[in-house]
Amino acid sequence: MTELSFQLYSARNTPSLEDFLAKLAALGYRQVEGYGGLYADAPTLAATLKKHGLAMPTGHFGLDQIQDVATTLKTAETLDIKRIYCPYITPEQRSADDSKWLELADILAKAGAAYAKEGYGFGWHNHDFEFVPTTSGRLPIDIILEGAPHIEWEADIAWIVRGKSDPIAWFDKYGDRISAVHVKDIAPVGEALDEDGWADIGHGTLNWDELIKTVQAKTKAQYFVAEHDKPSDEQRFAARSIATASKWK
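The structure reproduced in this document is the subject of the present report. If you're wondering where the values come from, they're calculated on a predicted model, not measured in any experiment.

1. Describing the sheet that holds strand E4 (residues 83–86)
- Strands sit in the order E1-E2-E3-E4-E5-E6-E7-E10 around a closed barrel of eight strands; the barrel is parallel. The average undirected angle you get between the axes of adjacent strands in this sheet is 30°.
- Relative to strand E2 (residues 31–34), strand E1 (residues 4–7) is paired through three bridges, and the arrangement is parallel. Its bridge partner lying in E2, Ser5 is registered against Gln31.

Here it is as structure tokens:
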């Protein structure tokens, strides 16, 4: 079975994170992925993860966080995070032309060098906006990965699809830099509107039984992270998704 991790952002509205971690462990999860809002008390989080037999090999850190290298390194060391991914920028941090994307690439390149020096993997996590051409005709994802040629990519497959792009073409182009993927599904048109059109893995329109084989064949992904951006029931999402992944080799 492909080891399925769980992005804890999917459970950001759960009343008790510790109770939810216990449920994840009972379902068979052994890994989770963190996000910026969880790191305020990293020692307590580390102890809670250990209590439930969970590891956090990957984590999302915001743009401000990744530039505070010392603090992020301390957090990563405390939680035993191996790979650090920057997941998002706000609309105000983007530009219609290339300018702000070039600035972002420079920030990521410098951060990547700092983390690599300390033995950590570092990369970018995409949404859909990186696949909208700039006024020059270039795609922001290319500007980022070409401008920061040594960083990794955590490819969010469903966001690539929502960006009207072909994930397999990107595997062919940057597969040797894809160190993790977000395993996410898209509901049929008009369904799950209360969940922003996302679906539990294996219950949407993406053929993950085949996609996972392509990911494994064409990329260097070591981590496969289940995520749902707006689940109405995070426990349902967790249970149905690991049931789907249990069929994968």
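2. Re helix H2 (residues 42–51)
- Looking only at H2, the buried set comprises Ala42, Leu45, Ala46, Thr48 and Leu49. Taken end-on, H2 shows its buried residues confined to a sector of 165°, consistent with a single buried face. Of the exposed residues in H2, those oriented more than 90 degrees away from the buried face are Pro43, Lys50 and Lys51.
- Against the buried residues of H2 lie helix H1 (17–27), E2, strand E3 (55–60) and helix H4 (69–79).
- One or two residues past the end of H2 sits Gly53, with phi positive at roughly 70°.

3. Here's the deal with the pattern of salt bridges
- Counted according to the given criterion, the structure contains 17 salt bridges.
- Taking the shortest distance from any N to any O, the salt bridge between Lys82 and Asp80 comes out at 2.9 Å.
- For Arg236, the salt bridge identified is with Glu195, shortest N-O distance 2.9 Å. One end of the pair, Arg236, is in helix H10 (residues 234–245); the other, Glu195, is in the loop between strand E8 (185–186) and strand E9 (198–199), with 41 residues separating them in the sequence.
- According to the relative accessible area criterion, Glu195 is buried, its value standing at 7%.
- Within this structure, Asp156, Lys184, Glu227 and Asp229 form a network of salt bridges that share partners.

4. Some words on the packing of aromatic side chains
- Taken as a whole and assessed by the stated rule, the structure comprises 14 aromatic pairs.
- Pairing Tyr39 with Phe61 gives two aromatic rings, centres 4.4 Å apart and planes at 20°, and the pair type is stacked. On the criterion of sequence distance, the pair formed by Tyr39 in the loop between E2 and H2 and Phe61 in the loop between E3 and helix H3 (63–67) is long-range, its members being 22 residues apart.
- For Phe61, a relative accessible area of 1% puts it in the buried group.
- Plain terms: the ring middles of Trp159 and Trp198 are 4.9 Å apart, the flat faces sit at 75° to each other, and that makes the pair edge-to-face. With Trp159 in helix H7 (residues 157–162) and Trp198 in strand E9, this pair connects stretches of sequence that are 39 residues apart. Trp198 matches Trp159 in its accessibility class, with the two residues each being buried.
- Each residue in the set Phe6, Phe20, Tyr29 and Phe237 is aromatic and connected to the rest through ring pairs, giving one cluster.
- Lying across the ring of Phe129, Arg94 places its NZ or CZ 3.6 Å from the centre.
- Over the ring of Trp198 we find Lys184, and its NZ or CZ is 4.8 Å from the ring centre.

Calculation rules
- Residues numbered from 1 in each chain as written.
- Predicted model: local features only at pLDDT ≥ 70, side-chain atom pairs only at ≥ 80, totals over all residues.
- Heavy atoms only, no water.
- Pairing = 2+ DSSP bridges.
- Helix = DSSP H or I, 4+ residues; strand = E, 2+ residues; numbered from the N terminus.
- Axes fitted to C-alpha atoms, helices over the stretch in contact; angles between N-to-C directions.
- Buried < 20%, exposed > 50% of the residue type's maximum accessible area, 1.4 Å probe, protein only.
- Arc of directions from axis to C-beta.
- Contact = heavy atoms within 4.5 Å.
- Salt bridge = Lys/Arg side-chain N within 4 Å of Asp/Glu carboxyl O.
- Phe/Tyr/Trp six-rings, centres within 6.5 Å; stacked < 30°, edge-to-face > 60°.
- Lys NZ or Arg CZ within 6 Å of the ring centre and 35° of its normal.

As far as function goes, none of this settles anything; it's purely spatial.
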